[in-house]
Structures are given as structure tokens and as C-alpha cells.
Amino acid sequence: MKKVLPIIFAFFLLAAPVRADYNSAYNDYTYAYGQYRTAYNAYLVSKSTYLTYNTLTSQNDAIEKLRAVLSARDQVMFVYYDLLQEKINATASIPDDYKNTFAGIKQSEKDWLAANQTKIAAAASLDDLNSVSAEFASRYPQMDTETKQIIGTVYAAKEQTLNTQLTDWITSLNAKLAQMRADGQSTTLADRGLLNTKSKLDLFSQKMIEANGVFTTKNSDGIDLFKGQQTYSQANQYLREAAGFLTEIIKSITG
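Because the structure is a prediction, the values reported are computed rather than measured. (Residues numbered from 1 in each chain as written. Predicted model: local features only at pLDDT ≥ 70, side-chain atom pairs only at ≥ 80, totals over all residues. Heavy atoms only, no water.)

Looking only at helices and strands, the protein chain has six helices and zero strands in total. Against the globule reference of 18 Å for 255 residues, the protein chain gives a C-alpha radius of gyration of 25 Å, more extended than a compact globule. Structurally, the protein chain occupies a C-alpha span of about 95 × 30 × 30 Å along its principal axes. For the protein chain, buried positions account for 41% of its 255 residues. Within the protein chain, contacts between residues separated by at least 24 positions form 77% of all contacts whose residues are at least 6 apart in sequence. Of the roughly 13,600 Å² of accessible surface on the protein chain, a fraction of 54% belongs to carbon and sulfur atoms. (Helix = DSSP H or I, 4+ residues; strand = E, 2+ residues; numbered from the N terminus. Rg over C-alpha atoms; globule rule 2.2 N^0.38 Å. Buried < 20%, exposed > 50% of the residue type's maximum accessible area, 1.4 Å probe, protein only. Contact = heavy atoms within 4.5 Å. Areas by Shrake-Rupley, 256 points an atom, 1.4 Å probe, with all protein chains shown as cover.)

Further remarks concern unusual backbone geometry. Glycine aside, residues mostly have negative phi, and peptide bonds are mostly found in the trans state. The residue Asn54 is not glycine, and still its phi comes out positive at about 50°. As for its position among the elements, Asn54 is in the loop between helix 1 (20-53) and helix 2 (56-89).

We now examine the environment of Ile170. Within the secondary structure, Ile170 sits in helix 4 (residues 126-182). On a C-alpha basis, the gap between Ile170 and Met208 in space is 20 Å, while along the polypeptide they are 38 residues apart. With near-sequence residues (within four places) excluded, Ile170 lies in contact with Leu194, Thr197, Leu201 and Leu246.

Moving on, we get to the packing of helix 4 against helix 6 (residues 225-254). As a packed pair, helix 4 and helix 6 sit with axes 10 Å apart at the nearest point and diverge in direction by 15°. By the angle class used here, helix 4 and helix 6 are roughly parallel. Handedness of the crossing formed by helix 4 with helix 6: left-handed. The residue makeup of the contact of helix 4 with helix 6, split by class, is 18 nonpolar, four polar and three charged. (Axes fitted to C-alpha atoms, helices over the stretch in contact; angles between N-to-C directions. Parallel < 35°, antiparallel > 145°, perpendicular 65-115°, else oblique. Left-handed = near helix turned anticlockwise from the far one by under 90°. Nonpolar A, V, L, I, M, F, W, Y, C, P; charged D, E, K, R; others polar.)

Another point: the domain arrangement of the protein chain. In terms of domains, the protein chain is made up of domain 1 (4-124) and domain 2 (157-254). A separation of 38 Å is found between the C-alpha centroids of domain 1 and domain 2. (Domains from an automatic or database assignment.)

Applying the stated criterion across every chain, the model contains ten aromatic pairs. Here the aromatic rings of Tyr29 and Tyr80 are separated by 5.2 Å at their centres, their planes lie at 35°, and the arrangement is tilted. Of this pair, Tyr29 sits in helix 1 while Tyr80 sits in helix 2; the two residues are 51 residues apart in sequence, bridging distant segments of the chain. Comparing Tyr29 with Tyr80 shows no difference in burial state: the two are buried. Each member of the aromatic cluster is reached from another via a ring pair, and the members are Tyr29, Tyr33, Tyr36, Tyr40 and Tyr80. It is Lys87 that lies over the ring of Tyr22; its NZ or CZ is 5.2 Å from the centre. (Phe/Tyr/Trp six-rings, centres within 6.5 Å; stacked < 30°, edge-to-face > 60°. Lys NZ or Arg CZ within 6 Å of the ring centre and 35° of its normal.)

Attention shifts here to the nonpolar core. Core analysis: the largest hydrophobic core is formed by 64 residues, its most contacted members being Val69 and Met77. Going through the elements one at a time, helix 1, helix 2, helix 3 (96-122), helix 4, helix 5 (188-214) and helix 6 are the ones with two or more residues in this core. The biggest single contributor to this core is helix 4, with 17 residues. Looking at which domains feed residues into this core, each of domain 1 (4-124) and domain 2 (157-254) gives three or more. (Core = buried A, V, L, I, M, F, W, Y, C linked by side-chain atoms within 4.5 Å.)

Turning our attention to the confidence of the model for the protein chain. Chain-level statistics for the protein chain give a pLDDT mean of 92 and a share of 92% at 70 or above. Here residues 6-18 scores under 50 on pLDDT; set against residues more than four positions off or in separate chains, the count is 37 contacts. (pLDDT = per-residue confidence, 0-100.)

Turning our attention to the environment of Leu113. Position of Leu113 relative to the elements: it lies in helix 3. When residues no more than four places from it in sequence are discounted, the contact partners of Leu113 are Asp74, Met77, Phe78, Phe136 and Met143.

The exposure class of Asn54 is exposed, given its relative accessible area of 55%. Residues Asn54 and Val79, 25 residues apart in the sequence, show an inter-C-alpha distance of 36 Å.

Here we come to the pattern of salt bridges. For the structure on display, the rule yields eleven salt bridges. Arg67 is paired through a salt bridge with Glu64; the nearest N and O atoms lie 3.1 Å apart. Taken together, the positions of Arg67 and Glu64, both in helix 2 and three residues apart, correspond to about one turn of that helix. The exposure class of Arg67 is buried, given its relative accessible area of 16%. Owing to a relative accessible area of 42%, Glu64 belongs among the partly exposed residues under this scheme. For Lys119, the salt bridge is made with Glu135, and the minimal N-O distance between the two is 2.8 Å. Residue Lys119 is found in helix 3, and its partner Glu135 is found in helix 4; the two are separated by 16 residues along the sequence. Taking the relative accessible area as the measure of exposure, Glu135 reaches 30% and is therefore partly exposed. Through salt bridges with shared partners, one network takes in Asp82, Lys106 and Lys110. (Salt bridge = Lys/Arg side-chain N within 4 Å of Asp/Glu carboxyl O.)

Below is the structure:
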């Protein structure tokens, strides 16, 4: 059986919301993943025993252990889609129509997983179970793409929210500087700081385009999640630097 696992580390890199629904979904996911790991390890032992002794008892045990790991694997993906749904539901800047679209995708995948579970329960031999497992492996690249794209959407929404906040600050600051000029005050240093800020925001925009491209482009191994996360992190750094310039400008004005 080829071991196929969902992305399990991404949400440690995202600030978890305090919504009770998200916390419940996360607990369900970590429990399901723990059950899968236990079942998989038990299957490896049983498989080794069967290959060593090749008895009817060891064969039957291997069948049941494989059945358990395939069922647990389906359950991990089942609750993972719920976790992703709660994550985007908790991200206010993601449009409702996108959330509804993903809800439809989630339901379609959960229906497929339920049908796969039925096949797992009905299979009576190792060959039959491996055939059902191969069906999951064939479906998994689609699931992998869908789930990684949701992660990318959450990252993008987070960065765009911060960018909107900075843009609002700049708008207010420009109004303040215009008033200062009207009052005959020099704004040379502040204007220079705003140019530096704009330069950082331009770099931010370029990185966002690059990061968004990572999550919409598949290579032979699927979407490169790590690269996408790194690129969004680089975009966030440019936002931080832009915010630093704005903070200095404000301090120079307010004292």
C-alpha cells in the first residue's frame, strides 16, 4: 500500500482563530490522524508477520489491519475537509461565495470518501483492499490540489487584509501631510518616507503575484506548498518593513 497523507503542518503556520467550531474541527482532525498513525504502524507489523510466516491466521490479521488503516486514512481526509472549511469560515476577508464553493467541493469529496469506505468494508482479500487503496491514491492528487489551494487562499487573505490596513493608514497620512503643507510646514522627510513605503508595497505586490502563482500552478509533484508559504512570508516581510516606515513617519509628526 502506498502511503498517502494529507498536509498536516500548514495550520501550525497560521494563527488559529478562537472559534469553537474551528477548535472542535482541529481536535477531530488531530484525533483522526493519531488513529491513522496507530493503524498504519499496526499494519506494518502485521504485514511483516504475514510475509514471514504466510499462515492463514497472519493473512487474516493482515487483511483486517489493512482494512483498518485504509478506513482511518479516509477518515483523516474526511475531517481534514471540515477543518479547512472552518478555517476559511473563520477568515472574514474570504468572500462568502468562495466559502460556499468550497463547501460544495468538500461535500463531493466526502461523498466519494463515504463510497470508498463502503468498498473497504466489502473487500475480502488483500488484493481487493489494495485495489481500493489504489483508487484512493488515484483520487488523492485532486484532493491534494484542492486542500493546498485553500491554504493558499487563507494566506493571501491574511496578507491582503494587512495591506488594506496599511493603505488606509497611508490615505490618512496623506491627508495629514496635505494639511501640514497648507499650513506652511515642511513635509520633506515624511514624503521621502512615503516613497520608501511605496517601494516596499510594490515589492509586496510582486511577491503576492508570485505566491498566488505557486498555488495555481501544478508541477509533476503537485503544488509546492513550502515554496508558497515561503513566498507569502517574504511578502509579509515587505509589509512589516512598510509598516515600520509609516510608524517612523507618524512619530516624526506627532513627536
